[in-house]
Structures are given as C-alpha cells and as structure tokens.
Amino acid sequence: MQLLEKLCQIAENPYAYAEKIKGDARTPIIGYFCSYAPEEVICAAGAVPFRIFGTRGDISLADAHLQSYCCSLARGGLEDALTGRLSFLDGTVFPHTCDSIQRLSDIWRLNGGFSFHSDIVLPVKLDTPSARTYMTAVLRDFRDELAAALKVPLTDDDLTSAVRTVNQIRKHLGDLYAAHSKTPGILSAKALHQVIKAAMVMDRKEAAADLAALLESLGLDNPPTVADSGRKRVILSGGICNHPDLYSLMEVAGADVVWDDLCTGTRYVEGLVGETGDPIAAIAERYMERMVCPAKHSDNTARGRNLVELARTHQAGGVIFLFLKFCDPHAFDYPYLKQFLDEAGIPSMVLEIEERLPPEGQMKTRIESFVEMI
Amino acid sequence: MTEQNIADLEKEKRKIKSVAKMKEIMTTYYIEAKTAAESGKKVAWITSGGPVEFLIAMDVIPVYPENHGAMIGASKMGVDLCEKAEEMGYSRDLCSYARADIAAAPINGGPIGGLPRPDFLVCCNNICGTVLKWYEVMARYFDVPLFILDTPFIHKEFSPAAKKYVIDQTYEYIAFLEAQTGKKMDYDRMHEVSRLAVEGLRLWQAVLDTAAHKPAPMTAFDAFFHLALIVTLRGTQTTVDYYRQLLAEMEQRIKDGIAMVPNEKYRLLWDNLPVWYRTKWLSEKFASHDACLVGDTYTSAWSGVMDLIDPDNFIESGAVAYSSVYINVSLDKMFDTLAALIRKYDVDGLVMHSNRSCKPYSFGQYDLQKMVMERLGIPTLMIEADMVDARSFSESQIETRIDAFMEKLKT
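I will try to describe carefully the structure that is included in this document. Predicted, not measured: the structure shown is a model, and the values here were computed from it.

This next bit is on the pairing of strand 1 (residues 43–46) of chain B. All names here are of chain B. Neither face of strand 1 is open: one carries Val43 and Trp45, the other Ala44 and Ile46, and all of them are buried. Of the strand pairs in this sheet, strand 1 and strand 2 (residues 61–63) are connected by three bridges, and their pairing is parallel. By the bridge assignment, Ala44 is partnered in strand 2 with Pro62. As paired elements, strand 1 and strand 3 (residues 120–124) share three bridges and run parallel to each other. Within the sheet, the bridge partner assigned to Ile46 lies in strand 3 and is Val122.

Attention shifts here to the packing of helix 5 (residues 99–111) of chain A against helix 16 (residues 331–345) of chain B. Relative placement of two packed helices is described by the angle separating their axes and the distance separating the axes. Relative to each other, helix 5 of chain A and helix 16 of chain B sit at 85°, their axes nearing to 9 Å. Between helix 5 of chain A and helix 16 of chain B, the crossing angle belongs to the class labelled roughly perpendicular. For the pair formed by helix 5 of chain A and helix 16 of chain B, the contact residues are Arg103, Asp106, Ile107, Arg109 and Leu110 of chain A on the first element and Leu331, Asp332 and Met334 of chain B on the second. When the residues that make up the contact of helix 5 of chain A with helix 16 of chain B are grouped by side-chain class, the tally is four nonpolar, no polar and four charged.

A pair can form between side chains of opposite charge whenever their charged atoms are brought close. Residue and element names in this part refer to chain A. Counting across every chain of the model gives 58 salt bridges over all chains. The residue Glu12 makes a salt bridge to Arg56 at a minimum N-O spacing of 3.6 Å. Note that Glu12 is positioned in helix 1 (residues 2–12) and Arg56 in the loop between strand 2 (48–51) and helix 4 (72–82), a separation of 44 residues in sequence.

Our next topic: the side chain of Glu178 of chain B. Assignment of secondary structure puts Glu178 of chain B in helix 9 (residues 160–181). Once residues lying within four places of it in the same chain are set aside, the contact partners of Glu178 of chain B are Met58, Lys183, Lys184 and Met185 of chain B.

A separate point is the packing of helix 13 (residues 302–313) of chain A against helix 14 (residues 328–343) of chain A. All names here are of chain A. It is the contact of helix 13 with helix 14, at a shortest axis distance of 9 Å, that shows an interaxial angle of 50°. The orientation of helix 13 with respect to helix 14, classified from their angle, is oblique. Helix 13 and helix 14 meet at a crossing whose hand is right-handed. In this structure, helix 13 uses Ala302, Arg303, Gly304, Arg305, Leu307 and Val308 to contact helix 14, whose residues at the interface are His330, Asp333, Tyr336, Leu337, Phe340 and Leu341.

Taking 1.5 Å as the rise per residue, helix 15 (residues 360–373) of chain A with 14 residues should run 20 Å; its terminal C-alpha atoms sit 20 Å apart, in good agreement. Residues of helix 15 of chain A that are buried sit in contact with strand 5 (232–238), helix 10 (245–252), strand 6 (255–261), strand 7 (318–324) and strand 8 (348–353) of chain A.

Conventions adopted
Residues numbered from 1 in each chain as written. Chains lettered and ligands numbered in written order. Predicted model: local features only at pLDDT ≥ 70, side-chain atom pairs only at ≥ 80, totals over all residues. Heavy atoms only, no water. Buried < 20%, exposed > 50% of the residue type's maximum accessible area, 1.4 Å probe, protein only. Helix = DSSP H or I, 4+ residues; strand = E, 2+ residues; numbered from the N terminus. Pairing = 2+ DSSP bridges. Axes fitted to C-alpha atoms, helices over the stretch in contact; angles between N-to-C directions. Parallel < 35°, antiparallel > 145°, perpendicular 65-115°, else oblique. Contact = heavy atoms within 4.5 Å. Nonpolar A, V, L, I, M, F, W, Y, C, P; charged D, E, K, R; others polar. Salt bridge = Lys/Arg side-chain N within 4 Å of Asp/Glu carboxyl O. Left-handed = near helix turned anticlockwise from the far one by under 90°. Expected span 1.5 Å × (residues − 1).

What follows is the structure, given as structure tokens:
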C-alpha cells in the first residue's frame, strides 16, 4: 500500500508537499479555509487549491491579532501565515462563512503579506431564487478576479475540465466512504481521514489519479467478507478535524467511524457539479443543493433530519459531535441536533477540541465509556 | 445648607430630566407589545440592525430580543439565565444575549417576565452571524415563520450584485409581511415612516453630537440608555418627539454649563457594546479620574448610515444603508469611522471592550488598537469582559488596568 502511505504522508505534512509542487515551476497555490471555496475555479486557473487546517505548532504571533476566545482554526491558520510557514501560498480566498473567518480575512489581508486576497461574499441563506442568482454572480466575479490576478484566460473549457477532475475526486472519495461504511476494515477510519485531507491540498489531477489507483488496489469490486466483528459503528458530526489520532482512539475503544458530517469529510465529497452548460452556474447549484453547513441557512430542521438519517443508513449506534471550541455555528446547532438524535433513540456525546487534544487518558476514558454505552 | 445638601443638589442638577419620559415610552411600548394578542396586533421579533420601518408601516409591533438581552444584563439577571442556557446545551462561549434570551423564553424569565410570543421573526444579519443561529433556534421553538434579510459583508466594496440581492430581498420581505398580516403594504404610509425614521436618526445623531462640546452634557453611558428608541421605535412620531425633547435638554445643559462628569479633564471614546451590568460602576470609576466617556462606536452605529438613506427611495437606498452599518464592514473601513469619531469628540484616549459575546465586533480590535496608536497617536485601553455574563468580569483586574491607564494619561 505504497500509495496509501504517500497520501497519508501528504496529510501528515501538507506544507512539505506544497513546497515540493511549488518547486521550480512556481505553480500558484491558493489557500482556503472552507468547504464553500470553489476549488474548481482555482484549478481552472492553473492553481492548486490548498486547504488550511490550523497549526501544528504553538500559537504566539497570532495572539497579537486574535483574542483567546477565537477558534483554533482561525488562530492557528493565522499563526502559520505570520510565521511564514504558509509562504508557499500565492494568495488566499475567503468564502463568507462565520463571524470569525470574516474578521480573520481582514486581519489576514492587512498582515499576511500575500499578493492575492479574495473575499467571496457568498449568500448566507441558500434557499431562495434571489440567493441563487447572487451566488452565481459572486462566483463569476471571483473567476474574473482570479483570472486577472494570475494572468490566465480561465475559459469555460478550463472550468469544465476542472469540474470533471474535482468531480472524479468526489466520486472516488464517495466510493471509498461507501466501501468503508460497508466493510470498515477495508481501510482504517484514520487512513480515510488522511486520504480526504490529502485530496484537499494536492494537485487535483494527481489526487484524482492517485485515488483511482487506490480504489483499484483495494479491489472493491470484490470486497473481502468480514465476519461480524461485534465492533460498534459511530458517526462524527461537526466542523473540521485536525487530529487523526482521534480516529485511532476510537478504533482502540472498539468503534469504527463509519461516516461523518464534517467539513474535512463528506461536506467536501457530497454532490457533483453538473458537467454540461454554464460551469459557474453549475458550481453554484451544487452549493445550493448540498446539505448546509451550520453557518448557512436553509430548511430549519434539515441538518437534524439528515443526521438521524445518516445514522440509520449507516447503522451507526451513536454520534460523536466533534466541535472546535469557540465555533459558534456548530455550538448553536448542537442542542437541537442532540434533541433529534434523542428522539430517534440514538445516543450522542460531545468532544470539544482546541488546538491540542486533551490528555490522551482523559479522551480515552470518555470515548471508551461512550462506546460501551452504545 | 450642609455640604451634603449641596452635593445632592449638584447631583440632581446633573440628572437628565428626559429619562422619566423615556421610561414612560418604553413601559407603554412593552405593555402594548405584551397585550398585542388582545388588541389584535401581530408581533414580530426583529434584530437590532433590521429594517423595522416596514413593520411599523404594516402596523406590526416590533420586539427586540437584543434589547431584551440588554435589559437582562442591566438588571443583573444575566448569569442566572446564561447558566440555564448552558443546562439546555448551549455552550458558555456563545453570545450572552442569545443565551439569556433563549433561556428566558420557556420560563418567561427576565425583568419583564419574558417577551411576548412572536407571530413571525425577521432576522437581518448585518450585525453578525449569531443572530441567524439565534433566530433559527427561536423559529423552531415557537414554530413560526422566519424571514432572513441577508446583507453581504462589505470587505472592500458593496458590489452591484450584492446591492441587487438586498433590494430583491426587500421586495421579498414586503411580500412576506403581506402574507403574514393578510394586508397590502400601504406605500404612502411607508414613505411617511421612512421620513420619520430618517428624522429620528438625524435627531439621535444630533443628541450624540452634543457630547462633542467641552464639557460634555452627556456621556456614552447616557447614550446606551437613550439608544433604545432609535432601535425599537425608529420610524415613529414618538421617537422623533422624544429625541427633539432630549436634544433641547442637551442644548440647554450646554448653555447652562452643566457637565455630566464634574471637572471633566479627560475625554475618552468607548468601543463595543456596553458592559450592561456594570455601566454605573464603570461610569463612576472613570469619573473618579475626571474622565468622561464622551462617545462610542456602538450607539452611533444606527445613525452612521443615515446619509445613505433617501426617504423618497427607501427600498433601494435602505438596502445599501442597512448593509453598510459599522459592524458589517472591514477593519479598514471601521478604522475610518473610528478615526472620525476620535476627531469629532476630540478624545484623549480610546477604551476598547473586548467582548467575549461579540466576535465580529471584538476580533480585529487588536489591529484597530494598533492603528489608532500608530496613526493617530492616541493611547488605548483594552478591557476583557462580556456584555451580559458577569462571570467574565474581573473587577479587581479591570480596576487596576483603568487606574494604570488613567495614570499614564495624566502624566
């Protein structure tokens, strides 16, 4: 499984990968923070969209710009920008998400020192025709802005080709998720998490090819039959996960993460962009149709119903909410999501994460007692 | 007369007399709102930055959960309600207005026994993303329709597409109100309400401007109190009349040489929402150093965009104005406003409330602070607190910081 190892290494050290592809070719790399970043447009401009996950290091420089009650994603990302760890970026794109990222964008623009900076001020409600029209207009503006900044034509053909590549990645990842849900042993949950993170930072053509080869090597047409292991099945729900060790902790506790509702998970994979017609309208369409992240508004109970359905579809015995501390949109949705799960008889627990995990023993005990209960 | 008597007389002289009228108006307003069902009127909950003018024109009673949050804070009931919200599963890191209001709903808690039940909700996200989540919670709890007016944040400019989007939504808002109330919008009435709204905003700004006078006839703490009408009853004759009275009183105070802070020597500007449960303490603390908070970025946020509003074309101009409010724009734009306030009030220092409850207002304050010090040479003080949740207020720490800051200003 050399390929799997390669992808895991990229996820483990994405900055080294970025430095390498930047190389002599000076491939433009555009950073982003959110699953609403239109990476098809970035790819079509000949650049690599690079997902920022926070920092692995200590936070010190960012403390001069963001208070301690700001989430570790914003503070950690800023730290890596200010220390120069992200110096391979040619610029960053900030789709409108939450209050914290919105202010981070200003701070980033004023202090980051990157040549390109774009705010894609997407609509917040995604359930009206006027929002759809606006979404499409905003994405069109971004396309023009990026084309001008990178001095590329960025034609419709470029876009359609990029859409196909990113769709392939989504299809492959979707197949991996489905196979893993069916046969959790086929690929560890931690490995799947690493693979999806790698796909978010890699040159997308390379990622698509690697994922196709990975699927091939797993022989999914003829999956091994796994005897009922008696292991528990859980779903993760929340924002981003930057701690692969969590998956291992759950595995050791006897539970397989068989599905998720995460930004570093199915929110990335879900839905394909139409490959015919106006590509920008098609990209907008995917965002309008996809299950919303809690920073966006659509049907007021959609996320609750969806979570219950996910748990049932994947025969999960419980749901673990994985929240970044100080993440308002997720924290606001939690009581109602929990209520929906309670009413469906699905147990749940919350893990609140800062830049570092709590001591392993503490996490282990909590996870173990939850797994035992389900 | 004894010394005590003279001191009492001095204190009496300094009191703003219009306060009684203001309390009367607010009491009447809340009684009307709480008895709306009996009078056959609809009640809408609306965010503080939302376009209330349309509700007034449609004869709907607007109710403000944020004003409710402020009242809960001022009556020191915040901690109890915030803790109740935490028991309901809401994280302590969430906005304390939202937590307090969410917890008050099922138990009719808070100083006025809960807000009247809404017939529908109107949420404008020009002040934060938090209101969106808060109103979603309320829409589920009360099982009532929710209208969202989505005002795209202005990092650099308000794009033509954004403008069109907000204007389109304004028409959707009118259609929503027509459906909820079962009657057509009366555009003549709407025009009159718009005119009154702008007049109210101009009068409110004129009231705030009186504090540019040295010594200031009122402080930011007074502005926090008198703000309620421009938020809740904007677009009514009542508000226009009240601010006219208040303005006259302020102008008279200037003529009579009445200062709110005796011996005003240092003039300061406040940034962010008030610390509602400690306004008196903070006011007295600063006054003890002969310092007066003459202005703030918060209470002028409503009137800050009034020049953008054309009452003859409220729908289109209002869409731009509502999207351009102080907190819906980038830090560079906020700095321009801040610098203008610093010049207008001719202040010696800036006091910034780093408010755990309000991320869009507080994140970026460190950068603004640096800009103010470097570009304007104005000293600054940062206070860590929360607008409603008193558990985040450390009196000894804040006292020490204020004392140290004032000592620095004095030298």
